[in-house]
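What follows is each chain in one-letter form.
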Amino acid sequence: MTSSSSQTIKVISSDGNSFSLKKEFLEKASTLKQMLSDLGFSEENGNFPEEGIPLPSVKGETLEWIVKWLTIHETEEPKTEDQLEMNRFNVKVQKENVALFDQCFPRKKLAYVISAAYKLKMPDLIDTLVKYTVKTLKAENAGKLPESFEQIYERKKKAEDECEEGSKGKERADA
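Residues numbered from 1 in each chain as written. Predicted model: local features only at pLDDT ≥ 70, side-chain atom pairs only at ≥ 80, totals over all residues. Heavy atoms only, no water.

**Notes on the confidence of the model for the protein**
Let me state the cut-off plainly: Confidence of the predictor at the level of single residues is captured by pLDDT, which takes values from 0 to 100. The helix count covers DSSP runs of H or I at least four residues long, the strand count covers runs of E at least two residues long, and both are numbered beginning at the N terminus. Contacts are residue-level and defined by heavy atoms, with any inter-residue pair within 4.5 Å sufficient.
Averaged over all residues, the pLDDT of the protein is 83; the fraction at 70 or higher stands at 77%. Confidence, expressed as mean pLDDT per element, reaches its minimum in the protein at helix H6 (residues 123-174) with 69 and its maximum at helix H2 (residues 60-72) with 97. The model gives residues 1-5 a pLDDT under 50, and that stretch makes four contacts with residues more than four places away or in other chains.

**A few points about the packing of aromatic side chains**
Stated formally: Centres within 6.5 Å make a pair out of two Phe, Tyr or Trp rings, where for Trp the six-membered ring is used; the pair is then stacked when the planes are under 30 degrees apart, edge-to-face when over 60, and tilted otherwise. In this scheme, a residue with accessible area under 20% of its type's maximum is buried, one over 50% is exposed, and one in between is partly exposed, where area comes from a 1.4 Å probe on protein chains only. Two limits define a charge over a ring: the Lys NZ or Arg CZ must be within 6 Å of the ring centre, and within 35 degrees of the ring normal.
One pass over the full model with this rule turns up one aromatic pair. Ring centres of Phe 101 and Tyr 132 lie 5.8 Å apart, and the angle between their planes is 55°; this geometry places the pair in the tilted category. Taken together, the residues span a long stretch of sequence, with Phe 101 in helix H4 (residues 95-101) and Tyr 132 in helix H6 at a distance of 31 residues. Across this residue pair, the class does not change: Phe 101 and Tyr 132 are buried. Over the aromatic face of Phe 105 sits the side chain of Arg 107, whose NZ or CZ is 4.4 Å from the ring centroid.

**Section: unusual backbone geometry**
At the junction of Phe 105 and Pro 106, the peptide bond is cis and its omega measures out at -10° in the coordinates. Here Pro 106 lies in the loop between H4 and helix H5 (107-119).

**A closer look at the pairing of strand E1 (residues 8-13)**
Looking along a regular strand, one sees the side chains alternate between the two faces of the sheet. As a reminder of what qualifies: Note: two strands are recorded as paired if DSSP finds a minimum of 2 bridges between them.
Only one face of E1 is buried, namely the one carrying Ile 9, Val 11 and Ser 13, since none of Thr 8, Lys 10 and Ile 12 on the opposite face is buried. In this sheet, strand E2 (residues 18-22) lies alongside E1 in antiparallel orientation, the contact comprising five bridges. Across the sheet, Ile 12 pairs through a bridge with Ser 18, a residue of E2. Hairpin connection from E1 to E2: four residues lie between these consecutive antiparallel strands, with Gly 16 at a positive phi of about 85°. Looking at chain direction, E1 and strand E3 (residues 53-55) are connected through three bridges and run parallel.

**Topic: the pattern of salt bridges**
Applied cut-off: Within this document, salt bridges are pairs made up of a side-chain nitrogen of Lys or Arg and a carboxyl oxygen of Asp or Glu, the two lying within 4 Å of each other.
Applying the stated rule across the entire model yields six salt bridges. The partner of Lys 33 in a salt bridge is Glu 27, and the shortest N-O contact between them spans 3.0 Å. Glu 85 is the partner of Arg 88 in a salt bridge, and the nearest nitrogen-oxygen pair spans 3.1 Å. Classification of Glu 85 as partly exposed rests on a relative accessible area of 45%.

**What to know about H5**
For clarity, the threshold we go by: Under the convention used throughout, the expected extent of a helix is 1.5 Å for every residue step, that is, one less than its residue count. By definition, the arc is the one covered by directions from the helix axis to the C-beta atoms.
Over its 13 residues, H5 runs 19 Å from end to end, which matches the ideal 18 Å to within 8%, given 1.5 Å per residue. When we look at burial in H5, the residues that qualify are Leu 110, Val 113, Ala 116 and Ala 117. Taken end-on, H5 shows its buried residues confined to a sector of 120°, consistent with a single buried face. Where H5 terminates, the next one or two residues include Lys 121, which has phi positive at roughly 50°.

Structure, rendered in structure tokens:
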């Protein structure tokens, strides 16, 4: 009999890529755990389907990002609802997560990872991705603020100039 730490379950992405997930990863992916149960397999006994679990709504590239995140966090216990709620306004993101998701380009890929995290019911990953996205957007927007203000100022100045020219043209016509 194999030890529980070496047991893996095979999942198959929509494009046919297969991934071996450690049994412990199931604790962070409620949908996978429920799928096993629905298919009549027992996680406790290490009774996993040999052919794997198909994930028709998750592409291989997206699943690869999820597996990387799970690997980074494999020693952590899943957070409880109370822990997630208590820390929802704390937007700190671990350096490892920033390093991982900073590589997720183009950003459309990150949207696929977020969507897959919701489909697989992975609250810890969702929490991480939301905080990462907020932090990234804040940083990007902060850098663009001076540029945005400058654009607004230029538009306002141009509009004022056009108004002045329009009123001067009207004065000439009246004279």
